[in-house]
Amino acid sequence: MTLHSLRANAPRLFSLGAIAVLIAACGASGTATVKPTGTAAAAPTGTAAPVVSMAPGGSTVATASTSLGTVLVGSNGMTLYIFDADTEANKSTCSGGCASNWPALTATGTATAGTGVTGTLATFARDDGTMQVSYNTKPLYFFAGDSAAGQTNGDGVGGKWHIAKP
């Protein structure tokens, strides 16, 4: 590859590498940690892409249209995910390094259903004492690999993570 083609493909190569690391981090041991840096990868022009906070931004869950169809999103517009390992109703199994890559949608009060949400929202206490939001008893999470509203980079990660659908 030429230097020019490496530069042109750097964001794509970085994204693929980051996803591979995240898949490894969500293996059975759950001990690896990949932390978001708080900045998005530079756009090919050298300007930084906008960063959307992973903070819950409130406890309203709504729907949005993405390339994968209609998905659940948090108040910040970021896609929400569910984890296959969460088999017990309203109980999260994602902590430590897992929770660094998959921040929980938390609430300080009652979760509110926004436009398009027809299922049951609830909150439950996590092991760390915070209150996590669930949809039809499945805990909801963000993905550290999503940097903008509408992204669905976490769907299918490790074969265990899926976008939350209404």
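Nothing here was measured: the structure is a model prediction, and the numbers come from that model.

S.K.: Got a minute to help me understand the overall build of the chain in this structure?
M.R.: Looking only at helices and strands, the chain has two helices and eight strands in total. The order of α-helices and β-strands along the chain, N terminus first, is α-β-β-β-α-β-β-β-β-β. Looking at the 166 residues of the chain, the share that counts as buried comes to 31%. The contacts of the chain with a sequence gap of at least 6 include a subset with a gap of at least 24, amounting to 65%.

S.K.: Explain the sheet that holds strand β4 (residues 112–113) to me, please; I cannot follow it from the model alone.
M.R.: In any sheet, the strands associate via hydrogen bonds between backbone groups, in a parallel or an antiparallel arrangement. Ordered by their spatial adjacency, three strands build an open sheet running β2-β1-β4, and the pairing between neighbours is mixed. One side of each edge strand has no neighbouring strand; the edge strands of this open sheet are β2 (69–73) and β4. Where strand β1 (residues 60–66) lies against β4, two bridges are found, and the strand directions are parallel. Paired with Thr-60 across the strands is Thr-112, a residue of β4.

S.K.: Explain the packing of aromatic side chains here, please?
M.R.: Two aromatic rings are characterised by how far apart their centres lie and by the angle between their planes. Using the criterion set out here, one finds six aromatic pairs in the structure. Seen from their ring centres, Tyr-81 and Trp-102 are 5.5 Å apart, and the 75 degrees between their planes marks the pair as edge-to-face. With Tyr-81 in strand β3 (residues 81–83) and Trp-102 in the loop between α2 (97–101) and β4, this pair connects stretches of sequence that are 21 residues apart. Trp-102 shares its class with Tyr-81; the two are buried. Aromatic rings pair up to connect Tyr-81, Phe-83, Trp-102, Tyr-141, Phe-143 and Trp-161 into one cluster.

S.K.: Where do I start with the state of the cysteines in this structure?
M.R.: As used in these notes, a disulfide is a covalent bond between sulfur atoms, one from each of two cysteines. Counting across every chain of the model gives one disulfide. There is a disulfide in this structure between Cys-94 and Cys-98, and the S-S distance comes to 2.1 Å. Taking the torsion about the S-S bond as the criterion, the Cys-94 to Cys-98 disulfide, at about -110 degrees, is left-handed. There is no split in this pair, since Cys-94 and Cys-98 are both buried.

Here is what the cut-offs are and how they apply
- Residues numbered from 1 in each chain as written.
- Predicted model: local features only at pLDDT ≥ 70, side-chain atom pairs only at ≥ 80, totals over all residues.
- Heavy atoms only, no water.
- Helix = DSSP H or I, 4+ residues; strand = E, 2+ residues; numbered from the N terminus.
- Buried < 20%, exposed > 50% of the residue type's maximum accessible area, 1.4 Å probe, protein only.
- Contact = heavy atoms within 4.5 Å.
- Pairing = 2+ DSSP bridges.
- Phe/Tyr/Trp six-rings, centres within 6.5 Å; stacked < 30°, edge-to-face > 60°.
- Disulfide = S-S within 2.5 Å.

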